[in-house]
Amino acid sequence: MRTADVLVIGAGPCGLFQVFELGLLGLNAIVVEALEQPGGQCAELYPQKPIFDIPAIPEISGAQLTQSLLRQIAPFKAQFCFGERIEQLEPRGERFWLRGNKGTEFDVAAVVIAAGAGAFQPVRLKLEGIERLEGDQLFYAVKDRAQFQGKDLLVFGGGDSALDWVMALVSEARSVVLVHRSERFRAQPALVEQMHALCEQGRMRFVAGRASDYRLSDGRLTAVELTDSEGRTRWQEADSLLVFFGMVPDPGPVKHWGLAMDANQLQVDTERFETSLPGVFAIGDINTYPGKKKLILSGFHEAALAAFAIKSRLEPGKKVHLQYTTTSPLLRRRLGVD
Ligand code: FAD
């Protein structure tokens, strides 16, 4: 069982900044994120695109904003739990019990849901029954590159991730075939050039097409049928599949926790950003209230007020004073600057 004062669901920009606001008030946090890395939409959907409306930062990319937030919250030493999706949330007395899809359990005094549009999930290969191969012969991310050593590998996708992993694994796998629906790639042109060069050297192959069927022998994948744009099919031997079709947010789990919602958004008040379940707060794109704007700066403001509300909930009867980071010795100590 993992414990902390507060569990933050989601490591998007708002979830990360929540750690900072809690830390200033002396509360520690554990952040649980479905993806393997922080940053939410900024990291997943537009890492290299510039954002122009973060106060006092004229221009910053999604990836840089994530790195800056991580630097800013570092003094508070939050625990991070990546690659785990919170699926269950229940009040237990004064505290909350949560459980992730991998079975990790959490016991905390308050919860902040900063789940954005939902938990990011990989877009899956659409072939009937193929999900039974997941984690064994079918993968949507690389955790341990050694598992592809000596394999006949098919990599699906036309973005940076697919091509990056083709380059990284071409020397380790026995054979590598990249499959993408057309000759047009979303990946950076330099990566596409490198891939074509490897094909010319005979170190890998590229097939324009899609997977249309697969063959098992004794329950093990042995080949995949590929169909090109003209409908021609061919079988390609393979014992490992790596699929990079991108990520889509799934609003699923949040909907099942019995909290008041408006469509896919959690209803909150604008003083505490608390949901219909006292002790459970919601900030960022996941919440709704009159006048809500889905902007990062709105989520930052919400994080500050939610932190104050959590502090007063955890220490009832005690006034929570507003202090400035410029002048408060206590805050400066917490920030590690004095
Ligand atoms: P997200 O960034 O969506 O992060 C939520 C995180 O929670 C995700 O990583 C998700 O995997 C995780 N999660 C969800 N459910 C669970 C669960 N059950 N368990 C574990 N983890 C979970 N905003 C601006 O202010 N300025 C801009 O210029 C701007 N440009 C944008 C450009 C694009 C292309 C897009 C798509 C958005 C843009 N936005 C912009 C909007 C901005 O990205 C969002 O407002 C912001 O990301 C919301 O942050 P968040 O932390 O609430 O949620």
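If you look the protein chain up in an unreviewed UniProt entry, it shows as Ferredoxin--NADP reductase from Marinobacterium aestuarii. Reading the Subunit (unreviewed entry) entry of the UniProt record for the protein chain gives the comment "Homodimer." The UniProt entry for the protein chain carries the following comment under Catalytic activity (unreviewed entry): "2 reduced [2Fe-2S]-[ferredoxin] + NADP(+) + H(+) = 2 oxidized [2Fe-2S]-[ferredoxin] + NADPH".

Novice: Would you mind going over the overall build of the protein chain in detail, with residue names and values included?
Specialist: When you go through the protein chain residue by residue, the secondary structure sums to eight helices and 22 strands. Each principal axis of the C-alpha distribution contributes one length, and for the protein chain these read about 70 × 40 × 35 Å. By the burial criterion, 36% of the 338 residues in the protein chain qualify as buried. Considering only contacts in the protein chain between residues 6 or more positions apart, those separated by 24 or more positions represent 60%.

Novice: Describe the UniProt feature "binding site: FAD" (unreviewed entry) in the protein chain, and please don't skip the residues or the numbers.
Specialist: Mapped onto this structure's residue numbering, the UniProt feature "binding site: FAD" (unreviewed entry) falls at Cys 14, Glu 33, Gln 41, Tyr 46, Ile 86, Phe 120, Asp 285 and Thr 326. Annotated residues spanning 313 residues; largest pairwise C-alpha distance 37.2 Å, indicating distribution over more than one region. Counting through the fold element by element, Phe 120 comes out in strand 9 (residues 119–122). On the basis of neighbour counts, which here come to 24 C-beta atoms within 10 Å, the residue Phe 120 falls in the buried class. Among residues more than four places away in sequence, those in contact with Phe 120 are Ala 34, Leu 35, Glu 44, Met 247 and Pro 249.

Novice: For the packing of helix 1 (residues 13–24) against helix 7 (residues 296–314), give the residues involved together with the corresponding values.
Specialist: Two packed helices can be described by the angle between their axes and the distance between those axes. Between helix 1 and helix 7, whose axes approach to 8 Å, the crossing angle comes to 35 degrees. Crossing of helix 1 against helix 7: the hand is right-handed. Facing helix 1, whose interface residues are Pro 13, Cys 14, Phe 17, Gln 18, Glu 21 and Leu 22, helix 7 presents Ile 296, Gly 299, Phe 300, Ala 303, Ala 304, Ala 306, Ala 307 and Ile 310. Class assignment for the residues of the contact of helix 1 with helix 7 results in eleven nonpolar, two polar and one charged.

Novice: Quick one: what's the story with the sheet that holds strand 11 (residues 152–156), residue by residue and with numbers?
Specialist: Pairing between the strands of a sheet comes from backbone hydrogen bonds, and it takes one of two forms, parallel or antiparallel. The parallel open sheet is built from five strands, whose spatial order is 10-17-11-12-13. This sheet does not close on itself; its edge strands, each paired only once, are strand 10 (138–139) and strand 13 (205–208). Helix 4 (residues 160–169) rests against strand 11, strand 12 (175–180) and strand 17 (240–243) of the sheet, and its axis sits at about 160 degrees to strand 11.

Novice: Break down the nonpolar core for me, with residues and values.
Specialist: The biggest cluster of nonpolar side chains holds 57 residues, and the ones touching the most others in it are Val 6, Leu 7, Val 111, Ile 113 and Phe 281. In contact with Ile 113, not counting residues within four places along its chain, are Ile 9, Val 254, Leu 266, Val 280, Phe 281, Ala 282 and Ile 286. Grouped together as the second largest cluster of nonpolar side chains are 30 residues, Val 155, Leu 163, Ala 187 and Leu 221 included.

Novice: Quick rundown of the sheet that holds strand 20 (residues 265–267)? Include the residues and the values.
Specialist: A sheet is described by the order of its strands in space; here three strands give the open sequence 19-20-22, paired in mixed fashion. The sheet is open, and its two edges are formed by strand 19 (261–262) and strand 22 (287–288), each paired on a single side. Here strand 20 pairs with strand 22 via two bridges, running parallel. Within the sheet, the bridge partner assigned to Gln 267 lies in strand 22 and is Thr 288.

Novice: Any chance you could break down the domain arrangement of the protein chain for me, citing the residues and the numbers?
Specialist: Accessible area lost when the parts come together is the quantity often used to give the size of an interface. For the protein chain, the assigned domains are domain 1 (2–120 + 248–335) and domain 2 (124–245). Placing the centre of domain 1 and that of domain 2 at their C-alpha centroids yields a distance of 36 Å.

Novice: Can you tell me about the packing of helix 1 against helix 3 (residues 62–73), naming the residues and giving the values?
Specialist: For the pair helix 1 and helix 3, the least separation of the axes is 9 Å and the interaxial angle reads 15 degrees. By the angle between their directions, the pair helix 1 and helix 3 is classed as roughly parallel. The hand of the helix 1/helix 3 crossing is left-handed. Contacts from Pro 13, Leu 16, Phe 17, Val 19, Phe 20 and Gly 23 in helix 1 reach Leu 65, Leu 69, Leu 70, Gln 72 and Ile 73 in helix 3. Looking at the contact of helix 1 with helix 3 residue by residue, the classes come out as nine nonpolar, two polar and no charged.

Novice: Describe the site of the ligand, and please don't skip the residues or the numbers.
Specialist: In the vicinity of the ligand lie 35 residues, with Gly 10, Gly 12, Gly 40, Gly 116 and Gly 284 positioned nearest. Counting residues per element, the ones that place at least two in the shell around the ligand are helix 1, strand 2 (29–33), helix 2 (40–44), strand 9 and helix 7. When grouped by side-chain class, the residues that make up the shell around the ligand number 21 nonpolar, nine polar and five charged.

Novice: Just give me the short version of the UniProt feature "domain: FAD/NAD(P)-binding" (unreviewed entry) in the protein chain, but keep the residues and values in it.
Specialist: Residues given the UniProt feature "domain: FAD/NAD(P)-binding" (unreviewed entry) here are residues 5–287. Annotation note: span residues 5–287, helix share 19%, strand share 35%, distance between end C-alpha atoms 22 Å.

Novice: An account of the environment of Phe 206 is needed here, citing residue identities and associated values.
Specialist: Here Phe 206 is to be found in strand 13. Phe 206 gets classed as partly exposed once you count the C-beta atoms within 10 Å, which come to 18. The sequence separation of Phe 206 and Val 177 amounts to 29 residues, and the corresponding C-alpha distance is 5.6 Å. Apart from residues lying up to four places away in sequence, Phe 206 is in contact with Leu 178, Met 195 and Cys 199.

Criteria and thresholds
Along every chain, residues carry numbers that run from 1 in the direction the sequence is written. Thresholds applied to this predicted model are a pLDDT of at least 70 for local features of residues and 80 or more for the giving and counting of side-chain atom pairs; totals over whole chains, interfaces and linings are not thresholded and use all residues. UniProt positions are given in the numbering used here, feature names are shortened, and annotations may be inferred rather than shown by experiment. Think of it this way: any DSSP run of H or I at least four residues long counts as a helix, any run of E at least two long counts as a strand, and we number them from the N terminus. Once C-beta atoms are placed from the backbone, each residue is buried if 20 or more other C-beta atoms lie within 10 Å of its own, exposed if 12 or fewer, and partly exposed for counts between those two. With C-beta atoms placed from the backbone, a contact is any residue pair whose C-beta atoms sit within 7 Å. Note on geometry: axes are C-alpha line fits, over the in-contact stretch for helices, and angles between N-to-C directions span 0 to 180 degrees. Helix crossings get a hand from a simple test, with the near helix turned counterclockwise from the far one by less than a right angle marking a left-handed crossing and a clockwise turn marking a right-handed one. Residues are grouped as follows: nonpolar covers Ala, Val, Leu, Ile, Met, Phe, Trp, Tyr, Cys and Pro; charged covers Asp, Glu, Lys and Arg; every other residue, Gly included, is treated as polar. Here a strand pair is declared whenever DSSP counts at least two bridges between the two strands. For the purposes of this analysis, a nonpolar core is taken to be any set of buried Ala, Val, Leu, Ile, Met, Phe, Trp, Tyr and Cys residues that are connected through C-beta atoms within 7 Å. Domain borders in the structure are assigned automatically or taken from a domain database. By definition in this entry, angles of less than 35 degrees are roughly parallel, angles greater than 145 are roughly antiparallel, angles of 65 to 115 are roughly perpendicular, and the rest are oblique. As a rule, any residue with its backbone-derived C-beta atom within 6 Å of a molecule or strand is reported as near that molecule or strand.

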